[in-house]
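Here is how the chains run, residue by residue.
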Amino acid sequence: MDATLLSTIVLLGGFFVLMFVKVPVTFALLISTLCSAFISGTNFTVMVRMMIDGVNNFTLLAIPFFILMGEIMSAGKVSDKIIDLANLVVGRFKGGLAYVNCVDSMFFGGISGSAVADVSSLGSVVVPLMVKQGYSPEFSVGLTVVTSCQGVLIPPSHNMVIYALAAGGGISIARMFIGGAIPGIFLGLSLLLYCFLFRNHYRFPEGMRIGKGDSVRWLKFSNTMDKKWRYTKKAETFLIISTPLFTLEMGKCIQILLNAILPMMTIVIIMGGVATGVFTATESAAIACLYTFILTYFIFRTARLRDFGHILKNTLKTLAIVLTLIATAKAFSYMMTDLRIPDLITRTLVSITDNKYVLLLIINVLLLVLGCFMDMAPLIMIMTPILLPIVTNEVIGMNPIHFGIMLIFNLAVGLCTPPVGSALFVGCAVGKTSIEKTSKAMLGMFVVMLACLMIITYIPAFSLFLPSILGI
């Protein structure tokens, strides 16, 4: 057998076999790469240099800052203030907590940039509230998991930094950040619409409801500007004042807004600074991290400085996983290029059809299948060098920014799907539900996500409009 063919089989086949037997992704990449290099006669020194070059990049400095920022906000319970703001805006409607779940993920996703951080922080607060109010646990967890995907699209997102690196360094991180804003918000609004349309199907409870169980009964007796309900439980009767947004006590409104505006300024720092060219994406990450530290420890005082060591430990653990993954994926990508695997895949796809719409559909299906079995970061590192030349050639002519948003959106679906969906696992752990029942409750939400993916794939303006008008 030809050495090149055998090396290709060992590289790809060995990787998937090791993944199937549950070897960690980093070690699966490393072992399959070294075995393939040994068969092809590639010098191991080259592999080591590729791994070093993979992490020796100034752009990667943004990742530890974004990770640390998310850890600080999680420790400081910033999610509570985001939930209060979302509840102020949409919590008074029927199914209010479902809308709150969508809106708070939209806000928090623009701060943390992580789907898992979104699920663990917001989910631990919102899911118990939803269950207490009468939503099914599986629906509550499923909605939290799906809405968390906004976090990898709405900037900041360290996955966009990884994509820019995997694309060879010619992609502007600032353009990726700005380009992801509309798709992320579009996903959130689509899920809001889904909850609104199916509010009767899911039997959403009335908004602003207090109490739990069938022993709680609401009787509306007035339709004045201040809506009033009589709350009856056993022999006791109380008056509960539940006011719409425009009649809510002004002091309470201002307090909620001020508490939420300060965390939301993180988005302004990152988006505004990058868009205006005041500082780079890496500098914006550092400044936003410092701002978050001051906000949590000196303004809100919702975390203790003596626990900061634990936050740094968690950050370093996550960072070690990300950087070793990037290093091994870089060597893996080099071997694929050396064996001309991207060229082979390109010729194979083009031989199937030269219709760009069909090719994009095939690529999306391929990524959706892979996303069910691999996490987002390694897939970005592996698939970007393979697919980017295909989509940017004369047949498809796709903008690299547009492809990057499509790729990240597609792989975000994988965060919600078994068997290795990290956001799904965290959500089920937080909500104490089974993966099987939760996945079943999420079927309608998956349809919404796939519809949004197709729209973003075939309408470039969703990804390119903001970067173009801002001149980035």
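Above this text sits the structure in question.
Everything numeric in this text was worked out from a predicted model, so none of it was measured.

Each value, and the rule that gives it
Residues numbered from 1 in each chain as written. Predicted model: local features only at pLDDT ≥ 70, side-chain atom pairs only at ≥ 80, totals over all residues. Heavy atoms only, no water. Helix = DSSP H or I, 4+ residues; strand = E, 2+ residues; numbered from the N terminus. Expected span 1.5 Å × (residues − 1). Buried < 20%, exposed > 50% of the residue type's maximum accessible area, 1.4 Å probe, protein only. Contact = heavy atoms within 4.5 Å. Patch = residues over 30% accessible without salt bridge, like charges linked within 9 Å, V, L, I, M, F, W, Y side chains within 5 Å. Areas by Shrake-Rupley, 256 points an atom, 1.4 Å probe, with all protein chains shown as cover. Salt bridge = Lys/Arg side-chain N within 4 Å of Asp/Glu carboxyl O. Polar contact = N/O pair within 3.5 Å; in protein donor to acceptor, adjacent residues only side chain to side chain. Axes fitted to C-alpha atoms, helices over the stretch in contact; angles between N-to-C directions. Parallel < 35°, antiparallel > 145°, perpendicular 65-115°, else oblique. Left-handed = near helix turned anticlockwise from the far one by under 90°. Nonpolar A, V, L, I, M, F, W, Y, C, P; charged D, E, K, R; others polar. Phe/Tyr/Trp six-rings, centres within 6.5 Å; stacked < 30°, edge-to-face > 60°. Lys NZ or Arg CZ within 6 Å of the ring centre and 35° of its normal. Core = buried A, V, L, I, M, F, W, Y, C linked by side-chain atoms within 4.5 Å. Bend = angle between axes of the 7 residues up to and from the residue.

(A) Region of interest: helix 20 (residues 443-458). With 16 residues, helix 20 ought to run about 22 Å at 1.5 Å a step, and its terminal C-alpha atoms sit 23 Å apart, in line with that. Taken residue by residue, helix 20 has Met445, Phe446, Val448, Met449, Cys452, Leu453, Ile456 and Thr457 as its buried positions. Next to the buried residues of helix 20 lie helix 8 (137-147), helix 10 (173-197), helix 15 (356-371), helix 17 (400-414), helix 19 (435-441) and helix 21 (461-470).

(B) Representation of unusual backbone geometry. Of note, the phi angle at Arg301 is positive, near 55°, even though the residue is not glycine. Among the secondary structure elements, Arg301 is positioned in the loop between helix 12 (281-299) and helix 13 (308-338). You will see that Arg340, though not glycine, has its phi angle at about 60°, which is positive. With respect to the helices and strands, Arg340 occurs in the loop between helix 13 and helix 14 (341-352).

(C) Representation of the environment of Thr384 in the model. Assignment of secondary structure puts Thr384 in helix 16 (residues 376-391). Judged by its relative accessible area of 0%, Thr384 falls in the buried class. Contacts of Thr384, omitting those with residues within four sequence positions, involve Tyr163, Ala166, Ala167, Leu379, Pro389 and Leu407.

(D) Spotlight on a nonpolar patch on the surface. On the surface, Leu262, Leu290, Ile294, Phe298, Ile299 and Leu305 cluster together into a nonpolar patch covering about 540 Å² of accessible area. Note on placement: Leu262 falls in helix 11 (residues 250-276). Accessibility expressed as a relative area gives 30% for Leu262, which makes it partly exposed.

(E) Representation of the side chain of Thr417. Within the fold, Thr417 resides in the loop between helix 17 and helix 18 (422-431). A relative accessible area of 11% means that Thr417 is categorised as buried. In this structure the side chain of Thr417 is engaged in a polar contact, spanning 3.2 Å, whose partner is the backbone oxygen of Gly414. Leaving out residues up to four positions away in the same chain, Thr417 has contacts with Gly371, Cys372, Leu424 and Phe446.

(F) Looking closely at the packing of helix 15 against helix 20. As a packed pair, helix 15 and helix 20 sit with axes 11 Å apart at the nearest point and diverge in direction by 135°. Judged by the inter-axis angle, helix 15 sits oblique to helix 20. Of the two possible hands of crossing, helix 15 and helix 20 adopt the one that is right-handed. Residues Tyr357, Leu360, Leu361, Asn364 and Leu368 of helix 15 form the contact with helix 20, whose participating residues are Leu450, Leu453, Met454, Thr457 and Tyr458. Looking at side-chain class alone, the contact of helix 15 with helix 20 contains eight nonpolar, two polar and no charged residues.

(G) Structural view of the packing of helix 9 (residues 158-166) against helix 17. Interhelical geometry of helix 9 versus helix 17 gives an angle of 130° and a closest axis separation of 11 Å. As far as their axial angle goes, helix 17 and helix 9 are oblique. Crossing hand, helix 9 versus helix 17: right-handed. Each of Asn159, Met160 and Tyr163 in helix 9 lies in contact with helix 17, whose residues at this interface are Pro400, Phe403, Gly404, Ile405, Leu407 and Ile408. Per-class residue counts for the contact of helix 9 with helix 17 are seven nonpolar, two polar and no charged.

(H) Inspection of the packing of aromatic side chains at higher detail. Evaluated as defined, the whole model comprises 13 aromatic pairs. Judged by centre distance (5.8 Å) and plane angle (45°), the ring pair of Tyr357 and Tyr458 falls under tilted. With Tyr357 in helix 15 and Tyr458 in helix 20, this residue pair connects regions lying 101 residues apart in the sequence. We classify Tyr357 as partly exposed; its relative accessible area is 47%. Three or more aromatic residues joined by ring pairs make a cluster, and in this case those are Tyr135, Phe139, Tyr194, Phe198 and Tyr202. Across from the ring centre of Phe196, 4.1 Å away, lies the NZ or CZ of Arg199, which sits over that ring.

(I) Spatial organisation of the nonpolar core. Ile63, Tyr163, Phe403 and Ile408 are the most contacted members of the largest nonpolar core, which totals 127 residues. Counting residues per element, this core draws most heavily on helix 16, at 12 residues. Aside from chain neighbours lying at most four places away, what touches Phe403 is Tyr163, Leu387, Leu388, Val391 and Met398. Formed by eight residues, the second largest nonpolar core is a distinct cluster that contains Ile72, Phe293, Ala303 and Ile311.

(J) Representation of the pattern of salt bridges within the structure. Per the counting criterion, the structure on display carries one salt bridge. Salt-bridge contacts for Arg304 lead to Asp307; the nearest nitrogen and oxygen are separated by 3.1 Å.

(K) Representation of helix 10 in the model. The end-to-end C-alpha distance of helix 10 is 36 Å, a good match for the 36 Å that 25 residues give at a rise of 1.5 Å each. The largest bend in helix 10 is about 25°, located at Ala181, with the proline Pro183 one to four residues further on. Where helix 10 begins, the side chain of Ser172 points an oxygen toward the backbone nitrogen of Ala174, at a separation of 3.4 Å.

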